[in-house]
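Commentary on secondary and tertiary structure
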Amino acid sequence: MIAPLPFPAAPEPTHGFPLRDGIVHGEEVPLPLIAREVGTPVFVYSASAMRQEARRLRSALASLADPLIAYAVKANPNAAVLATLAREGLGADVVSGGEYRRARAAGVPPEKIVFSGVGKTAAEMALALDGGLCQFNLESLAEAEMLSAVATALGRTAPVAFRVNPDVAAGSHAKISTGAAHNKFGIAISEASTACARVRELPGLRLCGFAVHIGSQLTSLAPLEEAFGKVGATIERLRREGHDICTADLGGGLGIRYDPAAPRPPTPEAYGALVARVTRGWDVRLIFEPGRLIVGEAGVLLTEVIRVKPGPRHPFVILDAAMNDLMRPSLYDAWHEIDAVQPKADRMIADVVGPVCETGDTFAVARPLERVAAGELMIIRTAGAYAASMGSTYNSRPLTPEVLVDGGNWAVIRPRQDIEALLRERVPAWL
Ligand code: LLP
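Residues numbered from 1 in each chain as written. Predicted model: local features only at pLDDT ≥ 70, side-chain atom pairs only at ≥ 80, totals over all residues. Heavy atoms only, no water.

**Details of the UniProt feature "domain: Orn/DAP/Arg decarboxylase 2 N-terminal" (unreviewed entry) in the chain**
The sites that carry the UniProt feature "domain: Orn/DAP/Arg decarboxylase 2 N-terminal" (unreviewed entry) are, in the present numbering, residues 55-295. Helix makes up 38% of residues 55-295 and strand 17%, whereas the separation of the span's terminal C-alpha atoms amounts to 12 Å. (UniProt positions renumbered as here; feature names shortened; annotations may be inferred. Helix = DSSP H or I, 4+ residues; strand = E, 2+ residues; numbered from the N terminus.)

**Let's talk about a nonpolar patch on the surface**
Among the surface-exposed residues, Val427, Trp430 and Leu431 lie close enough to one another that they form a single nonpolar patch of about 470 Å² accessible area. In this fold, Val427 is placed in the segment after helix 12 (419-422). Take Val427: its relative accessible area is 68%, and that puts it in the exposed class. (Patch = residues over 30% accessible without salt bridge, like charges linked within 9 Å, V, L, I, M, F, W, Y side chains within 5 Å. Areas by Shrake-Rupley, 256 points an atom, 1.4 Å probe, with all protein chains shown as cover. Salt bridge = Lys/Arg side-chain N within 4 Å of Asp/Glu carboxyl O. Buried < 20%, exposed > 50% of the residue type's maximum accessible area, 1.4 Å probe, protein only.)

**Let's talk about the site of the ligand**
For the ligand, the set of nearby residues contains 18 residues, the closest of which are Ser216, Glu289, Arg328, Tyr332 and Tyr386. In this structure, Glu289 approaches the ligand through a side-chain N or O atom, which is 2.5 Å from a nitrogen atom. Gly291 has a polar backbone atom sitting 2.9 Å from an oxygen atom of the ligand. Burial of the ligand by the protein chains amounts to 91% of its free accessible area of 590 Å². The residue makeup of the shell around the ligand, split by class, is six nonpolar, six polar and six charged. (Near = heavy atom within 4 Å. Polar contact = N/O pair within 3.5 Å; in protein donor to acceptor, adjacent residues only side chain to side chain. Nonpolar A, V, L, I, M, F, W, Y, C, P; charged D, E, K, R; others polar.)

**What about helix 9 (residues 268-278)?**
Regarding helix 9, the residues found buried are Pro268, Tyr271, Gly272, Leu274, Val275, Ala276 and Val278. Elements in contact with the buried residues of helix 9: helix 2 (47-60), helix 8 (222-240), strand 13 (285-288) and helix 10 (292-295). (Contact = heavy atoms within 4.5 Å.)

**Observations regarding the packing of aromatic side chains**
Tallied over the full model, the rule gives three aromatic pairs. Centroid distance Phe43 to Tyr45: 6.3 Å. Interplanar angle 20°. Geometry classified as stacked. You can call Phe43 buried: its relative accessible area is 1%. Looking at Tyr45, the relative accessible area reads 0%, which means it is buried. Where Phe115 meets Phe136, the ring centres are 5.9 Å apart and the plane angle is 25°; that geometry is what we call stacked. Residue Phe115 is found in strand 7 (residues 113-115), and its partner Phe136 is found in strand 8 (residues 135-138); the two are separated by 21 residues along the sequence. By the burial criterion, Phe115 is buried, and Phe136 matches it. The cationic tip of Arg367 hangs over the ring face of Trp335; the distance from NZ or CZ to the ring centre is 3.7 Å. (Phe/Tyr/Trp six-rings, centres within 6.5 Å; stacked < 30°, edge-to-face > 60°. Lys NZ or Arg CZ within 6 Å of the ring centre and 35° of its normal.)

This is the structure in structure tokens:
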């Protein structure tokens, strides 16, 4: 028989958005205050929640020798988010010239920047070589050749790693799985020897090691273990072939919990223990590229109910947020928790939709919710990652503003896009 716990189980962490006096707050700031001052829809992020995740991952990796945690900027590239994480000592994983510039502007030191991506241009390579970086993660020999030419022309030496495609099934959504042989990413492990031998011949390149990233929102460690094992074997083989291997970038991908009723994804601690076990004896500096894990749960999309329209099966709760603000549900059928900001005991079942003219502009179907009416506020949770960063202006809706809360402080960290910016198009005189 299991002995009863001496104390009630610890409450679930609220990730920065606690319910206080019947009102959801962003840390200490009531969300209705932000809605009133900034308007809706608006993203609200908790700085403390981000710091907490960054520290948790760092301590989960504490047994490793000097790991580099390079936050994947694509998850949420806002300057204030990057500055928060840079102050926590995180580096940056960037995939474009724009992300490189954002990371530098936010104070990320160049030696903590990893440049990933399958289609880097010569201009992006030159930008990063000029400003400095930890390493380029290359995804083809053709890319190595281009980088060699760019580096030579600039009189620089580019530190490079090859991203290998380990051909493992990540078990995530097909659109965000990246480690299968038929995916566009990386070089086949069988090509690693040829690729590294070629790097030795190419001027302007210095081989550092290997990188791997098999996908995002991973809910099992098994595919990661398989992929890391293949990287370890590659390091051993390439060392035998005389290459000096000093870094291994294990990518990002650890999943977070979107649906509180779903099984918990592996914890950072379990991930850290796996990494420590699998990489024992590798004798390299390990690099990590977490995105979603750091910021995903630290954000909500605050939105107002425009109206509730009766439907044949359930009422439609029509929000002022739409698929252009948060496209994950329409793109990946992703599940996001949706709550009233001032919840009542009364409940309803509804389809939660946005105002965009597509049936895909649906956040939830047949979802049990707190009962809401027109004019009330709701939050779509777990909107700190791949939400604002994937926003668009579809239906001529301006980009959504972003607010950062830190304790009792809050500030607009991106204003609502001015509609004038969308109207700045030209009709040619010859038309
Ligand atoms: N490193 C590389 C090379 C990546 O491609 C990615 C994500 C990451 C790191 C960070 O992965 P994370 O730790 O965040 O899982 N828009 C999709 C996710 C796309 C992820 C793309 N690459 C979504 O909303 O689920």
